[in-house]
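Here is what each chain is made of, one letter per residue.
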Amino acid sequence: MKYKPSELILNEDGSIFHLHLHPENLAQKIILVGDPERVNLIGRYLDRIEFEIQNREFHTITGTYRDKRVSVISTGIGCDNIDIVLTELDALTNIDLNKREDNLEQKSLDIVRIGTCGGLQTYTPVGAFICSDISIGFDGLLNFYQGRNAVCNLQLERKLIGHLGWTGNIGIPFPYAIHADNTLAECIAGDDMVHGITISCGGFYGPQGRQIRIPLADPHQNEKIISFEYNGLKVTNYEMESSAVAGLSKLLGHRAVTVCTVIANRVAGNSDTNYRQKIEELINIVLERI
């Protein structure tokens, strides 16, 4: 397939449009974070930095950690930004940008997102680490791509829709449920993190059941989500990116998982905005295990 300049946009120097990266700038092991400043934080743990660039919220450092070549990239907030980042990472890996054609040999990336989240169970208190074994997207992103049914858990989707009472509700994007890569999840999370279902929302306030001034369409949404269970797994947390990371990675043939530290617990009603120490602890775990 030949990609038109209007579809696969490159900068004047031949780099990919948003990330400003060339293929040689990218490692096979990728760590994604939301905050561009968090890239600098992880960069301080690397033994050597070979490349760094920033454009808008997309900040990239590539270097080595104990002989492992790693790229650390900030995505900003939300699944819409993940659509940009994952698509461009795959293009850098699997498209000849000069010819604008797919490479004959397709390669896979290992992608780990490190983030923060809101805990939804009593056993996910502030400071806990959660691995998103399954992510459910309330943003609707994956529904725009062919093949979403082949990679999604349709049984879980149907059960959740019935549980939430969303059947026939055309005003809400159809949720998609996607599993993390099992091998990568086991490697990164092991048995010392909480494993569960994560819901990725298209916003921080109303979509996550926070009522500030505008009344919620369903004021009981969080109660329903907290009580939902699938094959022994509960919904452990809210965040805003894991479903797009897992879903696009699955469709593109990459391995991905999201791990987060809890900075607010919606059941207890408490939060901790001074969470840097826990993020650094999680960063060290991921760097050791990736």
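Residues numbered from 1 in each chain as written. Predicted model: local features only at pLDDT ≥ 70, side-chain atom pairs only at ≥ 80, totals over all residues. Heavy atoms only, no water.

Draft legend 1. Broad picture of the packing of aromatic side chains. In total, this model carries 2 aromatic pairs according to the counting rule given. Measuring from centroid to centroid gives 5.0 Å for Phe138 and Trp166, while their planes differ by 55 degrees, and the two rings are tilted. Of the two residues, Phe138 is situated in the loop between β8 (129–137) and α3 (148–151) and Trp166 in the loop between α4 (154–164) and β9 (176–179); the sequence distance between them amounts to 28 residues. Where Phe204 meets Tyr205, the ring centres are 5.0 Å apart and the plane angle is 85 degrees; that geometry is what we call edge-to-face. Exposure remark for Phe204: the relative accessible area of 39% places this residue in the partly exposed category. (Phe/Tyr/Trp six-rings, centres within 6.5 Å; stacked < 30°, edge-to-face > 60°. Helix = DSSP H or I, 4+ residues; strand = E, 2+ residues; numbered from the N terminus. Buried < 20%, exposed > 50% of the residue type's maximum accessible area, 1.4 Å probe, protein only.)

Draft legend 2. Examining the packing of helix α5 (residues 182–189) against helix α8 (residues 276–289) more closely. Between α5 and α8, whose axes approach to 8 Å, the crossing angle comes to 125 degrees. Looking at the two axes, α5 sits oblique to α8. When the axes of α5 and α8 are compared, the crossing they make is right-handed. Of α8, the residues touching α5 (which contributes Cys187, Ile188 and Ala189) are Ile285, Val286 and Arg289. Class assignment for the residues of the contact of α5 with α8 results in 5 nonpolar, no polar and 1 charged. (Axes fitted to C-alpha atoms, helices over the stretch in contact; angles between N-to-C directions. Parallel < 35°, antiparallel > 145°, perpendicular 65-115°, else oblique. Left-handed = near helix turned anticlockwise from the far one by under 90°. Contact = heavy atoms within 4.5 Å. Nonpolar A, V, L, I, M, F, W, Y, C, P; charged D, E, K, R; others polar.)

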